[in-house]
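If you want the building blocks of each chain, they are given just below.
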Amino acid sequence: MSTVLKSPQEDRPGFHLPEVHLPHVDWRGLNPFAAVEHGGDGGGEPPRKPWRPGWSWAVGGAAVLAVVLFLALFQWNWLRGPIGRYASTQTGRTVTLRGDLKVHLLTLTPRVDIGGLTIANPAWAPKETMADVGNVAVSAKLLPLLSGRVVLPLVSLQHPDVALFRDAQGRANWDFSNGRKSAKPFKLPPIQNFVIDQGQMRLNDLGRKLTFVGTINANEQRTAAYDRGFHLTGKGELNRRTFSTNVVGGPLINVQADRPYPFDADIHAGSTHITAKGQVPRPFNLGVLNAAVAVEGVDLNDLYDLTGLALPNTPPYRIAGRFRRDGSLYHYDRFSGRVGRSDLSGDATVEMATGRPFLKAKLHSRLLDFADLGSLFGVPGASAAAAPGQKAQARALAAQGRFLPDNTLQTERIRGMDAVVTYTAAQVRAPDLPLRTVSLGVKLDHGVLRLDPISLSFPSGQMTGQARIDARKAVPFSDVDLRFGNIRLEEFFHAADGSRPLQGTLLARAKLAGPGNSVHRAAARSNGAVTVVIPQGQIRQAFAELMGIDATKGLFLLLAKDQQPTEIRCALADFNVREGVLYAQRIVFDTGVVLVSGSGTVNLDTEAMNLEFKGKPKKLRAVRLVAPITVQGRLRAPKVGIEAGAVVAQAGIGAVLGSVLSPLAAILPFVSPGLEKDANCAGLLAEARTSEAPVKAAASSTTPVKGKGG
């Protein structure tokens, strides 16, 4: 037997529903009360009762009404404690809801009002309140919230008082990551109306030595210039110097997420002045912003307090460019300006993904005033545009007769960042040097600073090299290797009448290494070698004669400005450096008329020199004073004299050659590979080997030369 189901509408014209046959079911077996309801044994089918939907609607409506009444009458203050404890767990700071908690949920823009809110400092910070807000009001749009988006029509903070603190280890009380490293920038959900009424902010940053007290207001105000809504202003100290800031933003009313938010900023930090005019493309997302930024001050190194970047010392500067932030990347693009009397332009990027600054920059000058580079190496007041403090340091050095600076290397700063920087100068202004171009490469990696390459080009020849400063230990260790190749002497030496008393090619190398936290201290404790070679050239014969102290001719020729030249066959000055003292191992100056040998020391600590030169004329003179020439005094201002009272032992040319030139073949490659094969110096070496002096005996008594590697 089966049951046939029919639609109650099947009698309507044009309506046909296929019949559905179901197996017969004994409904009485499913209802234990069937027999009672229908009497007897329950035989027959029970009568059908019509379905009445009104009961279901009534039950649902009652449930909704109960929920509405619950939400309307619920004492939300009961949740202040649980909410505070949950917030305290999440932030690691004690959060207290002091005032009444009011929640309005029966609207498309639910709203929460908190009559008072305090946030305490973490345990390691000072025992004071981090934030105290008189009243907090926040509303959210319901429909976007249901889809997972947060849009806030209103955020209102009444009389907020915020005390920000960062200790010397870099821990900040506004960092709620609980020790988790995060490079994510500060970001708020879209806020249409943001109101801050009479806010107070205090900042104490021990690491940067920054204290700041300011006021914050965010209310719509119309001025003659433009509508403004946000205003932060305040004063304090940054590294014991006056600090002030004034930031003005557009109205924070009817803010739209896709409309850029404009702002202006004016910051003074000591002698540093920064102005910015820009916008936040997506309001309240401070991870992306751009602005035109101009910076000026007396020394780029002062920017460390504001940026955390260890920049070099410089003369006064002013540069302007386009600043962009893109998450953890900070760009300063197409900036240009002046540093001292030099122009400077380029692009720079700082990566902060790990919290450790990584600077990449390409810098260029069309015209470099070489004196401006002096500050880069710690030479104070090298530029005419130097600040008064830098000039005072320069005067102090001059009063001491010194030029090696004592400015200490800021090791803590360079340990805290990494960098890759290149710098080129297309033209150089250097009155005392015939410089053409300058090129520097800088790499800083976890406390190890490398200058590679160091390249200075001249009309002919160049100086190249590299330097390495390891600042990972308490006392930095410096290693410098500089080479001078094919430098023309006539480009450096000029007589008062414009003539060139000295001509030829110069090659040299200085390789020094030593500990010290300044240029002076590192030089004073350095070890290594310094060698200078002139393989060929010419010198005014009057000067050469004077080296032989020919009283009948040399002095008069010198005074008469005799222009007759004589050949320089080979000149060599070789110094072994131990604990900052240059010891002359051999000095020889061989010309057509005289052979000069020298000895003595140069002290890099006291910057005093004491050199003595003895000449051996190659021709007999009627009257010849056998006395040495001395060069003494400070490196900055040496004095040349004749030690007339001294008696010089007579020695033949061969003895001089044998005693000073025997190790020449080992010295010349140190300066330049293949130099020992130079015709003039090789000829002089051969002459020494065949001279009357016992070359082997002289060589065995010579002090071993150190530092001649590489």
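Focus: the overall build of the chain
Part 1 of the reasoning: Helix and strand counts for the chain come out as 15 helices and 36 strands.
Part 2 of the reasoning: Burial statistics for the chain: of 710 residues in total, 41% are counted as buried.
Part 3 of the reasoning: Long-range pairs, those at least 24 residues apart, make up 51% of the contacts in the chain between residues at least 6 apart in sequence.
Part 4 of the reasoning: Of the roughly 38,200 Å² that the chain leaves accessible, carbon and sulfur atoms contribute 59%.

Details of the nonpolar core
Part 1 of the reasoning: Core analysis: the largest hydrophobic core is formed by 110 residues, its most contacted members being V295, L359, V438, I454 and F575.
Part 2 of the reasoning: Counting residues in each nonpolar core, the second largest holds ten residues, with C570, V588, L595 and F670 among its members.

Observations regarding the packing of aromatic side chains
For any pair of aromatic rings, the description consists of the separation of the ring centres together with the inter-plane angle of the planes.
Part 1 of the reasoning: Applying the stated rule across the entire model yields five aromatic pairs.
Part 2 of the reasoning: Between W124 and F165, the aromatic rings sit 6.2 Å apart at their centres with planes inclined by 35°, giving tilted as the arrangement. Of this pair, W124 sits in the loop between β6 (117-120) and β7 (129-133) while F165 sits in strand β10 (residues 161-166), placing them 41 residues apart in sequence.
Part 3 of the reasoning: Taking the relative accessible area as the measure of exposure, F165 reaches 10% and is therefore buried.

A closer look at helix α4 (residues 80-91)
Part 1 of the reasoning: Its twelve residues give α4 an end-to-end C-alpha distance of 16 Å, which sits within 8% of 16 Å, the value for a rise of 1.5 Å per residue.
Part 2 of the reasoning: Taken as a whole, α4 has its buried residues at G84, S88 and T91. Angular distribution of buried residues about the axis of α4 spans 80°; they occupy a single face of the element. Away from the buried face of α4 by more than 90 degrees, exposed residues R85, Y86 and T89 are located.
Part 3 of the reasoning: For α4, the elements touching its buried residues are β3 (95-97).
Part 4 of the reasoning: Of the residues one or two after α4, G92 is the one with positive phi, at around 75°.

Considering unusual backbone geometry
Part 1 of the reasoning: At the junction of D452 and P453, the peptide bond is cis and its omega measures out at 5° in the coordinates.
Part 2 of the reasoning: Tracing the sequence through the fold places P453 in strand β26 (residues 448-457).
Part 3 of the reasoning: Located in the positive-phi region is R334, a residue other than glycine, with phi close to 50°.
Part 4 of the reasoning: Looking at the element boundaries, R334 is found in strand β19 (residues 329-339).
Part 5 of the reasoning: Unusually for a residue other than glycine, E579 sits at a positive phi of about 50°.
Part 6 of the reasoning: Considering the arrangement of structural elements, one finds E579 in the loop between β31 (565-578) and β32 (581-591).

Details of a nonpolar patch on the surface
Part 1 of the reasoning: Nonpolar side chains collect at one region of the surface, where L108, L143 and L146 lie side by side and expose about 370 Å² of accessible area between them.
Part 2 of the reasoning: The residue L143 is located in helix α5 (residues 142-146) in this model.

So, the pattern of salt bridges
Part 1 of the reasoning: According to the stated counting rule, one finds 22 salt bridges in the structure shown.
Part 2 of the reasoning: R171 serves as the salt-bridge partner of D167, at 2.7 Å between the closest nitrogen and oxygen.
Part 3 of the reasoning: We note a salt bridge from D264 to K277, for which the minimum N-O separation is 3.4 Å. Pair noted here: D264 is in strand β15 (residues 261-269) and K277 is in strand β16 (residues 272-280), with a separation of 13 residues, a long-range link.
Part 4 of the reasoning: K277 sits in the exposed class, given a relative accessible area of 56%.
Part 5 of the reasoning: Linked through salt bridges whose partners overlap, the residues forming this network are E128, D161 and R202.

Thoughts on the side chain of D372
Part 1 of the reasoning: The topology assignment puts D372 in the loop between β22 (368-369) and α7 (388-399).
Part 2 of the reasoning: As a buried residue without a salt bridge, D372 has its nearest oppositely charged side chain in R341, at a separation of 5.6 Å.
Part 3 of the reasoning: A polar contact of 2.6 Å, which involves the side chain of D372, links it to the side chain of S342.

Focus: the pairing of strand β27 (residues 462-470)
Part 1 of the reasoning: Inspection of the sheet shows β26 paired to β27 by eight bridges, in the antiparallel sense. In the strand pairing of β27, L456 is matched with M463.
Part 2 of the reasoning: Remark: four residues form the turn of the hairpin made by β26 and β27, two consecutive strands paired antiparallel; G461 in that turn has positive phi of roughly 90°.
Part 3 of the reasoning: Hairpin connection, β27 to strand β28 (residues 477-488): the antiparallel pair is bridged by six residues.

Some remarks on empty space enclosed by the protein
Part 1 of the reasoning: Considering all chains together, one arrives at one cavity of 30 Å³ or more under this definition.
Part 2 of the reasoning: Size it by volume and the largest cavity reaches roughly 40 Å³.
Part 3 of the reasoning: Lining the largest cavity, in full, are L238, R241, A269, G270, T272, D302, D305 and L306.

Focus on the pairing of strand β5 (residues 111-114)
A regular strand places its side chains on the two faces of the sheet in alternate fashion.
Part 1 of the reasoning: Pairing analysis gives four bridges linking strand β4 (residues 101-104) to β5, with the strands arranged antiparallel. Looking across to β5, one finds that H104 is bridged to R111.
Part 2 of the reasoning: Counting the residues between successive antiparallel strands, the hairpin from β4 to β5 contains six residues.

Notes on the confidence of the model for the chain
Part 1 of the reasoning: Per-residue confidence for the chain gives a mean pLDDT of 79, with 70% of residues at or over 70.
Part 2 of the reasoning: The low-confidence segment residues 549-561, where pLDDT is below 50, has 27 contacts with residues more than four positions distant or belonging to other chains.
Part 3 of the reasoning: Scored below 50 in pLDDT, residues 691-707 shows 32 contacts in the model against residues more than four places distant or in partner chains.

Section: the environment of C570
Part 1 of the reasoning: Here C570 lies in strand β31.
Part 2 of the reasoning: A C-alpha to C-alpha distance of 5.7 Å links C570 and I534, two positions 36 residues apart in sequence.

Calculation rules
- Sequence order as written defines the numbering, with residues in each chain counted from 1.
- Given that this is a predicted model, residues contribute local features only at a pLDDT of at least 70 and side-chain atom pairs are listed and counted only at 80 or more, while totals for whole chains, interfaces and linings are drawn from all residues.
- Note: side-chain values were computed over all heavy atoms of the structure, leaving out hydrogens and water.
- Strands are runs of DSSP state E lasting at least 2 residues, helices are runs of H or I lasting at least 4, and numbering of each runs from the N terminus.
- Relative accessibility thresholds used throughout: buried, under 20% of the residue-type maximum; exposed, over 50%; partly exposed, between the two (1.4 Å probe, protein chains only).
- In what follows, a contact means two residues having at least one pair of non-hydrogen atoms within 4.5 Å.
- Note that accessible areas follow from Shrake-Rupley with a 1.4 Å probe, and for residues the cover is restricted to the protein chains shown.
- By nonpolar core is meant a set of buried Ala, Val, Leu, Ile, Met, Phe, Trp, Tyr and Cys residues that side-chain atoms within 4.5 Å join together.
- Ring pairs are drawn from Phe, Tyr and Trp, using the six-membered ring of Trp, whenever the two centres fall within 6.5 Å, and their geometry is named by plane angle: stacked under 30 degrees, edge-to-face over 60, tilted for the rest.
- Given a helix with a known number of residues, its expected span is that number minus one, times 1.5 Å.
- In this description, one arc is meant: the one made by directions from the helix axis to the C-beta atoms.
- Patches here: salt-bridge-free residues with over 30% relative accessible area, like charges joined within 9 Å, nonpolar side chains (Val, Leu, Ile, Met, Phe, Trp, Tyr) joined within 5 Å.
- Think of a salt bridge as a Lys or Arg side-chain nitrogen and an Asp or Glu carboxyl oxygen that are within 4 Å of each other.
- In this charge count, Lys and Arg are treated as positive and Asp and Glu as negative; neither His nor the chain ends contribute.
- Pairs of N or O atoms within 3.5 Å make up the polar contacts considered here, provided that, within protein, one atom can donate a hydrogen while the other can accept it, and that residues adjacent in sequence are counted only when both atoms are side-chain atoms.
- DSSP bridges decide pairing: two strands pair if at least two such bridges lie between them.
- The method works on a 1 Å grid over the protein atoms by themselves. A cavity is a set of points holding a 1.4 Å probe that cannot get out, a pocket is an open set with protein on both sides within 12 Å along at least five of seven lines, and residues with an atom within 4 Å of a point line them.
- Grid points are joined across faces, edges and corners, and a volume is the space filled by probe spheres set on the points.
- pLDDT runs from 0 to 100 and stands for how confident the predictor is about each residue.

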